Structure formats: C-alpha cells, structure tokens
Amino acid sequence: MTAKAEEARKRLIVALDVDTAEQAESLARQLSPWAGMFKVGMQLFYSAGPDVVKRLKDQGLKVFLDLKLHDIPNTVAQAARALTGLGADILNVHAAGGLSMMRAAGQAVAERAAQLRIPAPMVIAVTVLTSIDQTVFNREMGQPGEVQERVMAWARLTQEAGLAGVVASPRETGLIREACGPDFAVVTPGIRPAWSLSGDQRRVLSPAEALALGSSYLVVGRPITAAANPEEAARKVLAEMTGGC
Ligand SMILES: O=c1ccn([C@@H]2O[C@H](COP(=O)(O)O)[C@@H](O)[C@H]2O)c(=O)[nH]1
C-alpha cells in the first residue's frame, strides 16, 4: 500500500450497521486492510450490547461509538461518563442539545478517562443529519433558513463548547473548515460513490469530493457493507479517495 493509500485508509470509517457482534467482527476483520476505523451505531449497540465495543477494541480496531446522545446536560454527562469506560476512540452527542449539554459531555468524558487512566475519546457533535434536505428542514422540522446556516451555527457552538469536531454532510465540509480551522474534525457520512444507491441519504457527495473538500473522516456504510462483495467495494472506495494512487 502506498503512503497516500495508508493515509486515506486512516480516514475511512465503515459503519457496522448489523445485528450481532459476530457479524460486526467478521466484517471488521475482512475490511480492516481498507478501513482505519469502524462505527458502532444504535442498531449494533442496542442489539449486541455494550460489550461489542470492547470486543472490537480487543481486536486492535479503532471504534467510533455513534450513539448521538441528546438529553438534559446532567443525563448526557452521566451517559457519556459511562460510555467512556468502553474505550471507544470517538463518542458523539447532538449539537441541538446546546452549549451546556456539550460542555457537560466533554468534561465528563475527560474526567472519567483521567480516572481510568485511558486516552480520552474524541467527543464530537452531530449537526443536521445527512438524511435531512432543505424541504424537510423547513417544512417538517419547522426550521427557518438554509440547512447550511444551521450546520455552521452548530459547528461554531460545538467549537465554543470545547468539543473536537462535528458530524456533517461533506457538502458543508469546506465552510466548516474555513470557519473552524484545520484542527477541528469534520466527520462526514452521506458518502456515495457514483456506483451506489443514495437510499435515505440526501446531502451526499462522492468519496473523492469529500476528501478534496477537507473531510477528516469519511463514514461509509451500505455502499460497502450491503455490496455483494464488501471487500471489493471497500477497495473501490479507497481507490476513489486516493485517485487510484
Ligand atoms: O448525519 C448523519 C449522522 C450519522 N449517520 C450514520 O452514518 C452511517 C451512514 O451509513 P450509510 O449506509 O453509508 O448511509 C449510518 O450508520 C448513520 O447512522 C448518517 O448517515 N448521517
């Protein structure tokens, strides 16, 4: 693997949206030559239980625990504190929970990691879900203005709360980078190679576009995991990220 491909591999996160720890472990084992991190979301966490995070970590894999915490500050802080012990590399909350909630989550994670003497997971905040388009945003969610403006406002608020970055569509990556600087993580689902189906995703871009705009990590699920040959699909996504180099 070239240095460029290895650099791109570190930025590719595969969403393990499956029901069992065995399925998740088998996919992760198969795909680790092409992906640097694996995402445990609600489907896997709620069906397989918290232990699945430890099982993946025991295999030496990096884990993004995508549970999108959103509640009052005290509840989110206590939940984030509990999750810190699982050893994930990234945890997330919803920016819609507000400044105090995000600050409480960040502080709880830092304190718990220090108590346990483990590296603190990066805490990031979800802005506007990539399945939401402009019409749904205005008509169903009752939000005024452009999706992009809301994403930017939440990205700034996330930075003010001291968190490490955001989850957003790759379409917003360039603006977030400009506003929040090079060290702020921009984690982007809504990645769709030209050969894949959009499904429920609305604000999408290709792997090459997301990377060129400055996304720190690309989250890809079904285009890889639902493919007839997941390894081949992951290899193709990585090749698109590196321009074939
Ligand atoms: O805004 C968001 C936040 C999280 N996700 C998660 O990413 C993956 C995407 O999977 P695909 O199969 O590639 O659509 C999925 O686990 C979501 O829960 C997101 O899509 N958008």
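- For the protein, an unreviewed UniProt entry supplies the name Orotidine 5'-phosphate decarboxylase and the organism Desulforamulus ruminis.
- Here is the UniProt Sequence similarities (unreviewed entry) comment for the protein, exactly as written: "Belongs to the OMP decarboxylase family. Type 1 subfamily."
- As stated in UniProt under Function (unreviewed entry), the record for the protein gives "Catalyzes the decarboxylation of orotidine 5'-monophosphate (OMP) to uridine 5'-monophosphate (UMP)."

1. Concerning the overall build of the protein
Consideration 1: For the protein, the count of helices and strands is 12 helices and eight strands.
Consideration 2: For the protein, whose C-alpha radius of gyration is 17 Å, the value lies close to the compact-globule estimate of 18 Å for 245 residues.
Consideration 3: For the C-alpha atoms alone, the extent of the protein along its principal axes is close to 45 × 40 × 35 Å.
Consideration 4: Each of the 245 residues in the protein was classed as buried or not, and the buried ones make up 46%.
Consideration 5: Across the protein, every contact between residues at least 6 apart in sequence was considered, and the portion connecting residues at least 24 apart equals 68%.

2. Focus: the site of the ligand
Consideration 1: Lining the immediate surroundings of the ligand are 16 residues, of which A15, T130, P189, G221 and R222 lie closest.
Consideration 2: Broken down by secondary-structure element, the contributors of at least two residues to the shell around the ligand are β8 (217-220) and α11 (222-225).

3. Focus on the environment of G165
Consideration 1: Within the secondary structure layout, G165 lies in strand β6 (residues 165-167).
Consideration 2: A C-alpha to C-alpha distance of 8.5 Å links G165 and D183, two positions 18 residues apart in sequence.
Consideration 3: Setting aside chain neighbours within four positions, we find G165 in contact with I124, F184, A185, V186, V187 and S216.

4. Focus: the packing of helix α1 (residues 3-11) against helix α12 (residues 230-242)
Consideration 1: One can describe the packing of α1 onto α12 by two numbers: an axis separation of 9 Å at closest approach and a directional angle of 115 degrees. Taken together, the axis directions place α1 and α12 in an arrangement best described as roughly perpendicular. Classified by chirality, the crossing of α12 by α1 is right-handed. Counting all contacts with α1, which are made through K4, A5, A8 and R9, the residues of α12 involved are L238, M241 and T242.

5. Digging into the UniProt feature "active site" (unreviewed entry) in the protein
Consideration 1: Residues annotated in UniProt with the feature "active site" (unreviewed entry) correspond here to D66, K68 and D71.
Consideration 2: With 17 C-beta atoms counted inside 10 Å, the residue K68 sits in the partly exposed group.
Consideration 3: Setting aside residues up to four positions removed in sequence, K68 forms contacts with N92, V93, H94 and V126.
Consideration 4: Of note, D71 is situated in the loop between β3 (63-69) and α5 (73-84).
Consideration 5: For D71, the contacting residues outside a window of four places in its chain are V76 and G97.

6. Considering α5
Consideration 1: Helix length check: α5 (12 residues) gives 16 Å between terminal C-alpha atoms against 16 Å at 1.5 Å per residue, within 8%.
Consideration 2: Of all the residues in α5, the buried ones are V76, A77, A80, L83 and T84. Seen end-on, α5 carries its buried residues on one side only, within an arc spanning 130 degrees. Every exposed residue of α5 that faces more than 90 degrees away from the buried side is listed here: N74 and A82.

7. What to know about the confidence of the model for the protein
Consideration 1: With 100% of its residues at a pLDDT of 70 or more, the protein has an overall mean of 98.
Consideration 2: Per the prediction output, this complex has pTM 0.98; the corresponding ipTM is 0.99.

8. Observations regarding the UniProt feature "domain: Orotidine 5'-phosphate decarboxylase" (unreviewed entry) in the protein
Consideration 1: Following the UniProt record, the feature "domain: Orotidine 5'-phosphate decarboxylase" (unreviewed entry) maps to residues 11-237 here.
Consideration 2: For the annotated span residues 11-237, helix accounts for 46% and strand for 16% of the residues, and the straight-line distance between the end C-alpha atoms is 11 Å.

9. Some points on the pairing of strand β5 (residues 122-126)
The side chains of a regular strand alternate, first on one face of the sheet and then on the other.
Consideration 1: Most of β5 is tucked away: four of the five residues are buried.
Consideration 2: By the bridge criterion, five bridges tie strand β4 (residues 90-94) to β5 in an arrangement that is parallel. By the bridge assignment for β5, I90 is matched with M122.
Consideration 3: For the crossover that starts at β4, traverses helix α6 (residues 99-116) and ends in the parallel β5, the hand is right-handed.
Consideration 4: As judged from the three bridges shared by β5 and β6, these two strands associate in the parallel manner. Across the sheet, the residue bridging to A125 is V166, located in β6.

Conventions adopted
- Residues numbered from 1 in each chain as written.
- Predicted model: local features only at pLDDT ≥ 70, side-chain atom pairs only at ≥ 80, totals over all residues.
- UniProt positions renumbered as here; feature names shortened; annotations may be inferred.
- Helix = DSSP H or I, 4+ residues; strand = E, 2+ residues; numbered from the N terminus.
- Rg over C-alpha atoms; globule rule 2.2 N^0.38 Å.
- Buried ≥ 20, exposed ≤ 12 C-beta atoms within 10 Å, placed from the backbone.
- Contact = placed C-beta atoms within 7 Å.
- Near = placed C-beta within 6 Å.
- Axes fitted to C-alpha atoms, helices over the stretch in contact; angles between N-to-C directions.
- Parallel < 35°, antiparallel > 145°, perpendicular 65-115°, else oblique.
- Left-handed = near helix turned anticlockwise from the far one by under 90°.
- Expected span 1.5 Å × (residues − 1).
- Arc of directions from axis to C-beta.
- pLDDT = per-residue confidence, 0-100.
- Pairing = 2+ DSSP bridges.
- Right-handed = clockwise from strand over helix to strand, strands pointing away.

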